[in-house]
Amino acid sequence: MRNLRALVLKDLLWSIRELEFLVYLVVPVIAAVGIRLLAPLMTATPTPTDIAVAAAPSEAVLVQALRDAPLLTVHAASDWAAAQAMVEARKVTTAVELPAGTTVGLGQTPPPTVRLFHDTRSISAYAKARKMITQALERVARPEPAVAFAETYASGASSPFDMQAFLIEVALSFALLFTGVFVVPLTLAEEREKGHFEALLLAGTSVRTLLAGKAAFGLLMTTLVSTLLVGLTSGPLSVLPALLHLLPAALCFVGLGLATALLVQTRKQAELGAALVMMVVAVPAFGAQGSPAMSAVAHAFPLAPLSEGLRATLEGRGQPASAWAFELGILFGYAALGFAVAGWRARRLAH
Amino acid sequence: MSAIHTHALTRRFGDVQAVAGIDMQVERGEIFGFLGPNGSGKTTTIRMLTGRLRPTSGRIEVLGHAIPDERDALYPRAAVVGESKDLYERLTGRENLNLFADLRGVPRSQVDAALQRFALADRAHHAVRGYSQGMRQRLLLARAFLSQPDLLFLDEPTRGLDPASARALRAAIRQINGQGCTVFLTTHLMEEAEQLCHRVGLIAKGRLVAQGTPAALRAAHGERALHLTTAEGRARLALDDPQTPDRVRAALAAGAVQHLTVDAPSLEDVFLKLTGEALDAEAPDGHQTPDREAPDHA
């Protein structure tokens, strides 16, 4: 335990004295203060996009799902012709028909059974509406959120877009990725390159303790930054629920980061490896889906649902962690794989 | 029981024989110098002795422990001073020592004593990146000596130091040895070995060509000579040449002698005679052994 504490303290001192890592600590705090100050202005900025939906009564859930999509105002239409007429009259930009029984998979852009009719004079609005419809349909594909949306519809409550929660989520995601995928592997790669790793082993430190120290450092940094960000913006009561969403992902990134650092030889190579890992895991985390490749990555790294869960938590409508058991399980699997590869490689290097 | 004992120690890197069948014995309490030119296999040997590199063949016993299998038992009793770049540059001198004190289970009070002892107390709270090369080497020694090891490995300890810093470092090494610590140091500096070491081993192209006290090696392999300086120039006369006495006598009778000295052979001369190469020579191409090659690449 004393060894672990010494190693974590060393990494903390080392990190905060290097400019790029200092920036990593300072930027979230500045971001938190900025969000706090600007949030009231930002929440007033959404620009609604009108959309007419023609659907059979059984598609009420879908209608509500669309209504839940941020920046989207949904107008119900009695049938497809009426919806088209609303577009022609420029009351809405897009008409969409959602036949009964429509189900879509993650990452699919509107399935062929969905009809879209848009105002060609408003291409950007159409693109935005199309993306939102896609995202809304993905939500509907998940039973629990669909039920939640239906309940919201029944009660008549609105669900305004929370820009502050969105910005905190983005800042946290960056902080999380930066810690696990960059800071941890780069410090380790530099230690290997300069001979610190060998000096620590010669001082009698075991490989297991060295890796545990790095993991503890990564998780501590994540906790520190997340606590600062969430605490300063959403209040102290939101910190713990947010951490429950963040730490499994952090553990996954730290495990992958350690494996990356030990599979390469130099810090430069570690930077390249970390950048590749970050690209792979970050894109689906921010919902950039659409192509089959991205869809596959989104399935492999199910960060988007967790990201949504984090935002829901920050908006005060959090769900129990059990709702994300599948995604958490996958992330813990990656963490275990990362630590296993790192342990195997470190033992090889030590011997 | 000897501090270090190796038998037929061999290490190959692919086609390159870095260390070839070294039989060596280092007694407890002595300073043993491992003398050879750059790339001769010194660092590879020290890495095998400390268990960081597995030998291709041969046996190693250090402080009674079979290495590398029992290296974990060795580490609390031994310390290694390698290159100064393995110091944490962004940490202060004190923080560097605190880290290793904690890892070795040494009380923090020893850190203050080490800083005083190696004349680093004044700069203890400065980041190591601002230290001179001499201070870095002293800090490495302080770090290594924190746990009062029985055996200290020093890999080229005065490399890159100015003469004054090198002298101070040698004094520190003697002081450490005076407290009963066995010192195994590698160097390519003949003077350093002569000044510091009780015994030396001469290594060339991975082979140990001789070992013993500097005096014994000089006596066994060196050639003593007279340097005779006259108005006509300087002449080197071998002492065991039967014509030398007559030539000196003749020069003295003629009153031509300006300067006459007995030239004792140096370890450099011994090394040159035994290996045919100078100590400051680089290893030929293909024989340079990597300092920090990844062990699993071998």
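This write-up is about the structure you can find in this document.

Conventions and cut-offs
- Along each chain, residue indices are assigned from 1 in the same order as the chain's sequence is written.
- By the order in which they are written, chains take letters starting at A while ligands take numbers starting at 1.
- Totals for whole chains, interfaces and linings use all residues, but because this is a predicted model, local features are given only for residues with pLDDT of at least 70 and pairs of side-chain atoms are given and counted only at 80 or more.
- Water and hydrogen atoms play no part in the side-chain values, which are based on all heavy atoms of the structure.
- Patches were defined on residues exceeding 30% relative accessible area and lacking a salt bridge, with like-charge contacts within 9 Å and nonpolar side-chain contacts (Val, Leu, Ile, Met, Phe, Trp, Tyr) within 5 Å.
- In these tables, accessible area is a Shrake-Rupley quantity obtained with a 1.4 Å probe, and a residue counts as shielded only by the protein chains included in the view.
- Take a side-chain nitrogen of Lys or Arg and a carboxyl oxygen of Asp or Glu: if they are within 4 Å of each other, that pair is a salt bridge.
- Secondary structure counts use DSSP, requiring at least four H or I residues in a row for a helix and at least two E residues in a row for a strand, with both numbered from the N terminus.
- The rule is simple: take the accessible area with a 1.4 Å probe, protein chains only, and divide by the maximum for that residue type; under 20% is buried, over 50% is exposed, in between is partly exposed.
- Here, any two strands with at least 2 DSSP bridges between them count as paired.
- Orienting the strands away from the viewer, one traces the path from the first strand over the helix to the second; a clockwise path indicates a right-handed crossover.
- Contacts: residue pairs with any heavy atoms within 4.5 Å of one another.
- A simple way to read buried area is as the amount of 1.4 Å-probe accessible surface that goes missing from two parts once joined, with both sides added.
- Side-chain atoms alone can form a polar contact between residues adjacent in sequence; in general such a contact is a pair of N or O atoms within 3.5 Å, and within protein one must be able to donate a hydrogen while the other accepts it.
- Three categories are distinguished: nonpolar for Ala, Val, Leu, Ile, Met, Phe, Trp, Tyr, Cys and Pro, charged for Asp, Glu, Lys and Arg, and polar for the others, with Gly belonging to the last.

## Brief notes about a nonpolar patch on the surface
Residues and elements named next belong to chain A.
Moving on, step 1. On the surface, V33, L37, L224, L228 and L232 cluster together into a nonpolar patch covering about 420 Å² of accessible area.
Moving on, step 2. When contributions to the nonpolar patch are tallied by element, the ones reaching two or more residues are α2 (19-42) and α9 (207-233).
Moving on, step 3. Relative to the helices and strands, V33 resides in helix α2.

## Here's the deal with the pairing of strand β8 (residues 182-187) of chain B
Residue and element names in this part refer to chain B.
Moving on, step 1. Most of β8 sits inside the fold, with six of its six residues counted as buried.
Moving on, step 2. Residues T182, F184 and T186 of β8 are buried on one face, and the alternating residues V183, L185 and T187, pointing to the opposite face, are buried as well.
Moving on, step 3. Sheet topology places strand β3 (residues 31-35) next to β8; five bridges connect them, and they run parallel. Bridge assignment links L35 to a residue of β8, and that residue is T187.
Moving on, step 4. Bridge analysis of strand β7 (residues 151-155) against β8 gives five bridges, and the strand direction is parallel. Opposite L152, over in β8, you have V183 as the bridge partner.
Moving on, step 5. A crossover links β7 with its parallel partner β8, the connecting element being helix α6 (residues 163-178), and its sense is right-handed.

## Here we look at the interface of chain A and chain B
Moving on, step 1. On the chain B side, the residues contacting the 29 residues of chain A number 29 residues.
Moving on, step 2. For the pair chain A and chain B, the summed buried area comes to about 2,800 Å², and 53% of that belongs to carbon and sulfur atoms.
Moving on, step 3. Counting every contact that joins chain A to chain B gives two salt bridges.
Moving on, step 4. One salt bridge connects E190(A) with R90(B), and the closest N-O pair in it is separated by 3.5 Å.
Moving on, step 5. Counting every contact that joins chain A to chain B gives seven residue pairs in polar contact (both at pLDDT 80 or more).
Moving on, step 6. Mapped onto the side of chain A that touches chain B, the elements with two or more residues apiece are α1 (2-16), α7 (163-194), α8 (196-202) and α14 (325-350) of chain A.
Moving on, step 7. Of the residues assigned to the side of chain A that touches chain B, the class counts are eleven nonpolar, seven polar and eleven charged.

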